[in-house]
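Chain residues, written in single-letter form:
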Amino acid sequence: MTLPGFPEATPLAGLGGGVLIGLAAAIMLLGLGRIAGVSGLAARAIGFSGGIERSAAIAFIVGLPIGAALVALMQGHSVPDFAGPAPLIIAGLLVGIGTRLGSGCTSGHGVCGVSRLSTRSLVATASFMLAGIVTVAITNALGINLP
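All figures in this text were calculated on a predicted structure; none of them were measured in a lab.

1. Observations regarding the overall build of the protein
Right, on to step 1. A count of helices and strands for the protein gives six helices and zero strands.
Right, on to step 2. In sequence order, the secondary structure elements of the protein are arranged as α-α-α-α-α-α.
Right, on to step 3. Its C-alpha atoms give the protein principal-axis dimensions of roughly 45 × 35 × 35 Å.
Right, on to step 4. Counting the 147 residues in the protein, one finds 17% classified as buried.
Right, on to step 5. Looking at the protein alone, contacts between residues at least 24 apart form 28% of all its contacts between residues at least 6 apart.

Right, dumping it as structure tokens:
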């Protein structure tokens, strides 16, 4: 299934991924009483905060890229080629700073908080979306073509 004007879109795969993300968030909330915010889990995995057992946080964080790679390989795609170390480190630092300033990340606010109708999460998610829209508009206006 493709969408008109978006030949590379895969809405059924997106729907499936969204269902799995929601299921993982629900299992974590109902089973452990914790929000499945990736930034909080990453902080716990490296020992910056308390909460969930550190081994569970490490398993969750390590499982994210491994799961994505397995799905790509099962679909016959190669594992994606990522940016070099410098852009990844810079992006990671910026995201880390943003998640601390926003008291959470897109997974914690956007998936878990919005589903609970948290006002703080609704505002945070609207801010994330607006920042993304503005970034795309600026890069398009400047003719910057990012991969």
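2. Quick notes on the nonpolar core
Right, on to step 1. Core analysis: the largest hydrophobic core is formed by eight residues, namely Ala25, Met28, Ala36, Leu41, Ala45, Ile52, Ala57 and Cys112.
Right, on to step 2. Elements with a minimum of two residues in this core: helix 1 (11-32) and helix 2 (38-45).
Right, on to step 3. Residues contacting Ala25, with those up to four places away along its chain left out, are Ala36, Val111 and Cys112.

3. Some thoughts on unusual backbone geometry
Right, on to step 1. For Leu117, which is not glycine, the phi dihedral falls at a positive 60°.
Right, on to step 2. Residue position: Leu117 is located in the loop between helix 5 (106-115) and helix 6 (119-141).

4. Some remarks on helix 6
Right, on to step 1. With 23 residues, helix 6 should cover 33 Å at 1.5 Å per step; its first-to-last C-alpha distance of 33 Å lies within 8% of that length.
Right, on to step 2. For helix 6, the complete set of buried residues consists of Ser121, Ala124, Thr125 and Thr139.
Right, on to step 3. Here the buried face of helix 6 lies against helix 5.
Right, on to step 4. Just beyond helix 6, the residue with positive phi is Gly143, at close to 75°.

5. A short note on the layout of surface pockets
Right, on to step 1. Approximately 420 Å³ is the volume attributed to the second largest pocket.
Right, on to step 2. Contributions of two or more residues to the lining of the second largest pocket are made by helix 2, helix 4 (85-101), helix 5 and helix 6.
Right, on to step 3. Here the element with the most residues in the lining of the second largest pocket is helix 2; it accounts for five residues.
Right, on to step 4. Residues that form the lining of the second largest pocket fall into these classes: five nonpolar, 12 polar and five charged.

6. A closer look at the packing of helix 2 against helix 3 (residues 54-74)
Right, on to step 1. Relative to each other, helix 2 and helix 3 sit at 120°, their axes nearing to 8 Å. Classified by the angle between their axes, helix 2 and helix 3 sit oblique to one another. By crossing handedness, the relation of helix 2 to helix 3 is classed as left-handed. Seen from helix 2, the contacting residues are Val38, Leu41, Ala42, Arg44 and Ala45; seen from helix 3, they are Arg54, Ala57, Ile58, Phe60, Ile61 and Leu64.
Right, on to step 2. Looking at the contact of helix 2 with helix 3 residue by residue, the class counts come to nine nonpolar, no polar and two charged.

7. Here's the deal with helix 3
Right, on to step 1. For helix 3, spanning 21 residues, the distance from its first C-alpha to its last is 30 Å, which sits close to the expected 30 Å at 1.5 Å a residue.
Right, on to step 2. Bending of helix 3 peaks at approximately 30° at the position of Gly63, with proline Pro65 no more than four residues after it.
Right, on to step 3. Those residues of helix 3 not exposed but buried are Ala57, Ala69 and Ala72.
Right, on to step 4. Positive phi shows up at Gly76, right after helix 3, with a value of about 85°.

8. Points about a nonpolar patch on the surface
Right, on to step 1. Taken together, the side chains of Ile58, Val62, Ile66, Leu70 and Met74 make up a nonpolar region of the molecular surface, amounting to roughly 490 Å² of accessible area.
Right, on to step 2. Take Ile58: its relative accessible area is 36%, and that puts it in the partly exposed class.

Rules behind the numbers
- Residues numbered from 1 in each chain as written.
- Predicted model: local features only at pLDDT ≥ 70, side-chain atom pairs only at ≥ 80, totals over all residues.
- Heavy atoms only, no water.
- Helix = DSSP H or I, 4+ residues; strand = E, 2+ residues; numbered from the N terminus.
- Buried < 20%, exposed > 50% of the residue type's maximum accessible area, 1.4 Å probe, protein only.
- Contact = heavy atoms within 4.5 Å.
- Core = buried A, V, L, I, M, F, W, Y, C linked by side-chain atoms within 4.5 Å.
- Expected span 1.5 Å × (residues − 1).
- 1 Å grid on protein atoms, 1.4 Å probe; cavity = no way out; pocket = protein on both sides within 12 Å on 5 of 7 lines; lining within 4 Å.
- Points joined across faces, edges and corners; volume = space filled by probe spheres on them.
- Nonpolar A, V, L, I, M, F, W, Y, C, P; charged D, E, K, R; others polar.
- Axes fitted to C-alpha atoms, helices over the stretch in contact; angles between N-to-C directions.
- Parallel < 35°, antiparallel > 145°, perpendicular 65-115°, else oblique.
- Left-handed = near helix turned anticlockwise from the far one by under 90°.
- Bend = angle between axes of the 7 residues up to and from the residue.
- Patch = residues over 30% accessible without salt bridge, like charges linked within 9 Å, V, L, I, M, F, W, Y side chains within 5 Å.
- Areas by Shrake-Rupley, 256 points an atom, 1.4 Å probe, with all protein chains shown as cover.
- Salt bridge = Lys/Arg side-chain N within 4 Å of Asp/Glu carboxyl O.

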